[in-house]
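# Remarks on the overall topology
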Amino acid sequence: MAGLATTFGSGAMTNSINEIENAQVILVSGSNTSEAHPQVARRIFTAVDRGARLIVIDPRRTLMARRADIHLAIRPGTDIPLLNAMMRIILDESLADDLFIEMRTENFYGLRDMLFRIDLAETAALTGVDLASIRAAAQLYGRAQKAVICYCLGITQHVCGTGNVQSIANLAMMTGNVEKEDTGVDPLRGQNNVQGACDMGALPNVFPSYQQVDIDDYREKFERAWHVSLPAQPGLTLMEMTHGGKDGQLKAMFIMGENPMLSDPVIARVEETLDNLDFLMVADIFLTETARRAHVVLPAASFAEKTGTFTNSERRVQMVRRVIPPLGQSRTDADIIMDLSARLGYAMDYESPAEIMEEISMLAPIYGGMQHDRLENSWGMQWPCWDRSHGGTPFLHKYYFTRGKGRFIPVVHEPPAELPDDDYPFLLITGRIYHQYHTGTMSRQSALLSREAGEALLQLHPDDGLRLGVRSGNLVRMRSRRGEVQVKVQLTDAVKAGEVYTTFHFSEMPVNRLTISAKDHFSQCPEYKICAVHLAKV
């Protein structure tokens, strides 16, 4: 969101998922799409079957990489140099869309001057990808009339994550592959309804519809609507909270539908923070690792027990409807929040989710025409939807960027916070697998899914396995500067020698005990994707 907001003016997916099928070239970077976003992957494979060309930037040889015309097996953490090299080649070979650049963008010459200082041979060596492959990818993308870029957490979860995204935006603007159908920049959200949570102001610096808290007009608008005085300063980010709060002033926390005891980096720090709180309350549908540490656990209702909306990656707002009443003592999120608010002195008395949605449409301009009666008998609507006469927006920036003109931002390489050395010679990459979801809170309740993938595996190159004296199925002790875990090995050439990969779904192997607290200075997103580890056979 931060990277696209500074370049385009909006941090959301620019185009619709179904448009991917009509693209001529698809560039996938930092996304194991076939396992993490299988419905999007289906669209990509349909496009490929129809003749589209596929470029994949990924250190691992995933299914998506095996289907690619060009697989750029990048050295983790060198996305910016790789993308800069592609843009330099596009400039050298006159593949840039000069008219689009002139009419729709600004600061191009700042980017161009930076690109002309690049030594392509040195850049290729830095990324670990041969220059001929980089050139082929640049030519393929640069010559396409309709090209799409899909990216995910492999791009954002770095200390330079915002810069990675800005580089992707630069590449799309340079070739005119934005502001029109069947093109665009498509960030794939990491969890269900992340887009909707952000839209509703579940960020420390904005009200709903990305209206900034430190802008007086926006703040006064919400103060009038809610009859309260609101703070003018942004709140704390996730890691500022779970890693102790600013100046240790955090005394209490309410966690809803989140499991930081598995999902946050440096779990030991999270553990210490939660245990030192005066009061911890958790609302969830299962007793998660985080909920077990709480003073109070409120049983929440599942999706099947409530009515409301979800907003997906393509900005599509869709209704879910209650199928059964909440089981036992469980309650909907809205009921929990309203009762808590009332007991804290501020009465909330919404009669129904539809009434809440009415208020959203009045206060959040991008949701202005999205009322329940319009959503009930449809596949949903894509924001911005300004009023009841508006039909929604399949792709953004049609006539102009949200910020007016798209802004090129020159970005230079920022190395990872921690790289392998003699003591910790392996590079650990974390991610997801097809049969489990996030911290396994729901998916691990399924015997079928657990039968297919019931434990964590560490992907290790066979050459490294030979050197360590381990085979598939052996246990290794994996240690970083922050902690250690034991994990079963899976020998595979899907990873390169010196690099290992595993998932964070399993509480028996909490890999985030090892990951690092370094974060992007702009977005505050942790660097989950890279840290140095030591391996030893158990």
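Provided above is the structure to which this section pertains.
These remarks concern the structure in this document. (Residues numbered from 1 in each chain as written. Predicted model: local features only at pLDDT ≥ 70, side-chain atom pairs only at ≥ 80, totals over all residues. Heavy atoms only, no water.)

### Notes on the pairing of strand S6 (residues 184-187)
Here S6 shows a buried face lined by Gly 184 and Asp 186 and a second buried face lined by Val 185 and Pro 187. Across four bridges, the pairing between strand S5 (residues 147-151) and S6 is parallel. Counterpart to Tyr 151 in the pairing with S6 is Pro 187. (Buried < 20%, exposed > 50% of the residue type's maximum accessible area, 1.4 Å probe, protein only. Helix = DSSP H or I, 4+ residues; strand = E, 2+ residues; numbered from the N terminus. Pairing = 2+ DSSP bridges.)

### Quick notes on helix H16 (residues 267-276)
Ile 267, Val 270, Thr 273 and Leu 274 are the residues of H16 that are buried. All buried residues of H16 project into a common sector of 120° when viewed along the axis, lining one side. (Arc of directions from axis to C-beta.)

### A short note on the packing of aromatic side chains
The final tally for this structure, using the stated rule, is seven aromatic pairs. An aromatic cluster is defined as three or more aromatic residues linked by ring pairs; in this entry it consists of Phe 8, Phe 100 and Phe 401. Above the ring of Tyr 501, the side-chain terminus of Arg 60 is found at 3.4 Å from the ring centroid. Its guanidinium or amino end placed over the ring of Trp 383, Arg 315 lies 5.8 Å from that ring's centre, counting from NZ or CZ. (Phe/Tyr/Trp six-rings, centres within 6.5 Å; stacked < 30°, edge-to-face > 60°. Lys NZ or Arg CZ within 6 Å of the ring centre and 35° of its normal.)

### Considering the sheet that holds strand S12 (residues 308-311)
Whether parallel or antiparallel, the strands of a sheet pair through hydrogen bonds between backbone atoms. Taken together, the three strands give an open sheet; going across it, the order is S12-S13-S14, and neighbouring strands pair in antiparallel fashion. The sheet terminates laterally at S12 and strand S14 (381-382), the two strands that pair on one side only. One ladder, built from two bridges, connects strand S13 (residues 316-320) with S14; its direction is antiparallel. Note on S14: the bridge partner recorded for Arg 316 is Gln 382.

### Digging into the pairing of strand S9 (residues 252-256)
Burial along S9 is one-sided: the residues Met 253 and Ile 255 are buried and none of Ala 252, Phe 254 and Met 256 is. Direction of pairing for S9 relative to strand S10 (residues 279-284): parallel, over a ladder of five bridges. Across the sheet, Met 256 pairs through a bridge with Ala 283, a residue of S10.

### Some thoughts on the pattern of salt bridges
Enumeration according to the criterion identifies 30 salt bridges in this entry. Across the salt bridge formed by Asp 493 and Arg 61, the nearest N and O atoms sit 2.9 Å from each other. Here the residue Asp 493 occupies a position in the loop between strand S19 (484-491) and strand S20 (499-503), and Arg 61 occupies one in the loop between strand S2 (53-57) and helix H4 (63-66), the gap between them amounting to 432 residues. For Arg 61, a relative accessible area of 34% translates into the label partly exposed. Measuring nitrogen to oxygen at the nearest pair gives 2.9 Å for the salt bridge that ties Arg 482 to Glu 418. (Salt bridge = Lys/Arg side-chain N within 4 Å of Asp/Glu carboxyl O.)

Structural measurements only, silent on function.
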